[in-house]
Amino acid sequence: MLFQTWQFIVFFIIVYTLFLQVKGTRFQTPLLLAASYFFYGWWNPLYLLLIVYSTVLDYTVVQFMERSQRKRIWLAVSICNNLFLLGFFKYGEFFAENLNAAFQATGVPLDVPMADVLLPVGISFYTFQSMSYTIDFYRGEIRRERSFLRFAAFVSLFPQLVAGPIERARTFLPQFAREARITWTNISDGLTLFLIGFFKKVAIADYLAMHVDPVYAYPDEHSGSALLLATFFFGWQIYFDFSGYTDMARGIARMMGFNLMLNFNRPYLANSLGDFWGRWHISLSSWFKDYVYIPLGGNRRGTVHMYMNMFLVMVISGLWHGAAWTFVIWGAMHAIGRIVTRPMEQTAFYREQVPNIVKQAWVFAFVTVTWIFFRAESLGDAWLILGRIFSPSLFTASELPHLAFFFCMVIWIYQYLDETRARFALQPSFVRIGAATCMIVYVLVFLISGTPEQAFIYFQF
């Protein structure tokens, strides 16, 4: 059930009407849980078995942890269980393929059977969110949640269930224990966020996909210039697609009186790679920082260990996105980029003498090139695309999708102005009303044209 479909609109109207009637009563949490399970089961009812299993196990583990002197063992049970779910359903085929390839290369007469299982949508998100509860409790940062229904609703709340943001138990779980506060400000802010996200997804991301997908499907048939343009547009497509989903999720939650964390903060205006990861998929970046990087030692054990930890976390983060070597290399490229550029970024010359727009330009260029490995269907395609871009065919004429390019530039300039002293030019009411009117008209035109609906990119993770 995609946010931009009529099925979801009908679903939400029914749920929201009922929610307004029961909020603040003992029926509020059961309604949220039932609606969330219905929403998730709509994709495939079998998915419910997994999320219920994960929820029951983590809730029970914390109960045992509270009474036990060996809390670390129960924490290990929770982490191993969640990682096993991810490993089996998301990475089982990947590991089996690579083991079989290794056996074949070394002449070992073994063959690991590959399980033909369906990847449950959203499993990477809700397992991480559920783990945050057991880890936070182990650290003494939250109390045990007494209500199983509240905990289950926290794990499965439908606006952010399948693609985040990945909320923390210590900040999000307490919101279920109080009466949802719904004001006209909540409703208007939520609707605004939802409409902005809808515009990003339907009008821009899906439109850009029409130019990206055909090129990346057959990269060997295109020149370096066409591949570079497609890569440039993919960088914007994935940004609008994922941030659009997040805006819609935050908008829906806001209308229901819940606050979800900011997940994107104009990442293409970052002036360093560290800054980029502080603006892109913030909930995942901070999750890895708090639950992997810092426990590994962070920067407390010297420079070498810090860079090793940084590399490991970035590679794991790449693998989190998908079970393929392209994602591993994508994460490794960002790790190497961070390690190589961090000393330079800390110099006074870089901080004070290099113009900000130059820093932003190189970060955008680096991030765009790495998107090749994120988007390519295979490693062979990725190397082919990279080779073509850095070849004489880069200078051949290629058709420029003017409207797509126009949208990217307008958004880029808007965000740039909004981060500078020139933001006053965007404040007048006529500017905002004019922009909103243009968005609505364009969305209507786009919908009337009958463009097919596309799932959000991050649903596959």
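What counts, and at which threshold
- Residues numbered from 1 in each chain as written.
- Predicted model: local features only at pLDDT ≥ 70, side-chain atom pairs only at ≥ 80, totals over all residues.
- Heavy atoms only, no water.
- Salt bridge = Lys/Arg side-chain N within 4 Å of Asp/Glu carboxyl O.
- Buried < 20%, exposed > 50% of the residue type's maximum accessible area, 1.4 Å probe, protein only.
- Helix = DSSP H or I, 4+ residues; strand = E, 2+ residues; numbered from the N terminus.
- Polar contact = N/O pair within 3.5 Å; in protein donor to acceptor, adjacent residues only side chain to side chain.
- Contact = heavy atoms within 4.5 Å.
- Phe/Tyr/Trp six-rings, centres within 6.5 Å; stacked < 30°, edge-to-face > 60°.
- Lys NZ or Arg CZ within 6 Å of the ring centre and 35° of its normal.
- Core = buried A, V, L, I, M, F, W, Y, C linked by side-chain atoms within 4.5 Å.
- UniProt positions renumbered as here; feature names shortened; annotations may be inferred.
- pLDDT = per-residue confidence, 0-100.

Enumeration over the complete set of coordinates arrives at 15 salt bridges. Of the charged contacts, one joins glutamate 145 and arginine 150 as a salt bridge, the two residues approaching to 3.0 Å between their closest N and O atoms. Relative accessible area serves as the criterion here: at 9%, glutamate 145 is assigned to the buried category. Within the structure, one salt-bridge network assembled from shared partners comprises Asp136, Glu141, Arg168, Arg170 and Asp290.

It is worth spelling out the side chain of glutamine 28 at this point. Structurally, glutamine 28 can be placed in helix 2 (residues 28–43). A relative accessible area of 4% places glutamine 28 in the buried class. Of note is the side chain of glutamine 28, whose polar atom sits 2.8 Å from the backbone nitrogen of glycine 24. Beyond its immediate sequence surroundings of up to four residues, glutamine 28 is in contact with Phe19, Val22, Lys23, Arg178, Glu179 and Ala180.

At arginine 266, a residue that is not glycine, the phi angle is positive and equals roughly 50 degrees. Within the secondary structure layout, arginine 266 lies in the loop between helix 9 (224–255) and helix 10 (273–277). Relative accessible area serves as the criterion here: at 22%, arginine 266 is assigned to the partly exposed category. A positive phi angle, near 45 degrees, is found at histidine 281, a position not held by glycine. Looking at where histidine 281 falls in the secondary structure, it is placed in the loop between helix 10 and helix 11 (282–293).

Along the chain, methionine 114 turns up in the loop between helix 4 (71–106) and helix 5 (123–138). In this structure, the C-alpha to C-alpha distance between methionine 114 and alanine 96, residues 18 residues apart in sequence, is 5.9 Å.

This brings us to the packing of aromatic side chains. Tallied over the full model, the rule gives 66 aromatic pairs. Relative to phenylalanine 89, the ring of phenylalanine 88 has its centre 5.1 Å away and its plane inclined at 85 degrees; by these criteria the two rings are edge-to-face. Ring centres of phenylalanine 194 and phenylalanine 198 lie 6.5 Å apart, and the angle between their planes is 25 degrees; this geometry places the pair in the stacked category. Linking phenylalanine 194 with phenylalanine 198, this pair stays in helix 8 (residues 184–217), spanning four residues, or about one helical turn. Assigned by exposure class, phenylalanine 194 and phenylalanine 198 land together as buried. Across the ring face of phenylalanine 64, the terminal group of arginine 67 is positioned such that the distance to the ring centre comes to 6.0 Å.

This part covers helix 11. Of all 12 residues making up helix 11, 11 are buried, and the element is well covered by its neighbours. Those residues of helix 11 that fall on the buried side of the exposure criterion are Ile282, Ser283, Leu284, Ser285, Ser286, Trp287, Phe288, Asp290, Tyr291, Val292 and Tyr293. Packed against the buried residues of helix 11 are helix 5, helix 7 (169–172), helix 10 and helix 12 (303–321).

The subject of this paragraph is the nonpolar core. Counting residues in each nonpolar core, the largest one holds 128 residues, and the members touching the most others are Phe8, Phe158, Trp236, Met256 and Tyr268. It is helix 9 that provides the largest number of residues to this core, a total of 17 residues. Residues in contact with phenylalanine 158, not counting those within four places in the same chain, are Phe3, Phe8, Phe11, Phe12, Val15, Ala35, Ser36, Phe39, Ile252 and Met256.

UniProt feature "transmembrane region" (unreviewed entry): in the numbering of this structure it lies at residues 5–22, 42–61, 73–92, 226–246, 310–337, 394–417 and 429–448. Secondary structure within residues 310–337 divides into 89% helix and 0% strand; the distance between the first and last C-alpha atoms comes to 11 Å. Across residues 394–417, the secondary structure splits into 67% helix and 0% strand, with the terminal C-alpha atoms separated by 31 Å.

Another aspect to go through is the confidence of the model for the protein chain. Detailed reading of predicted coordinates is not advised where the pLDDT is low. For the protein chain, per-residue confidence averages 88 on the pLDDT scale, and 96% of positions sit at 70 or higher. Here helix 18 (residues 429–448) is the element of the protein chain with the lowest mean pLDDT, 72, and helix 6 (residues 148–156) is the one with the highest, 95.

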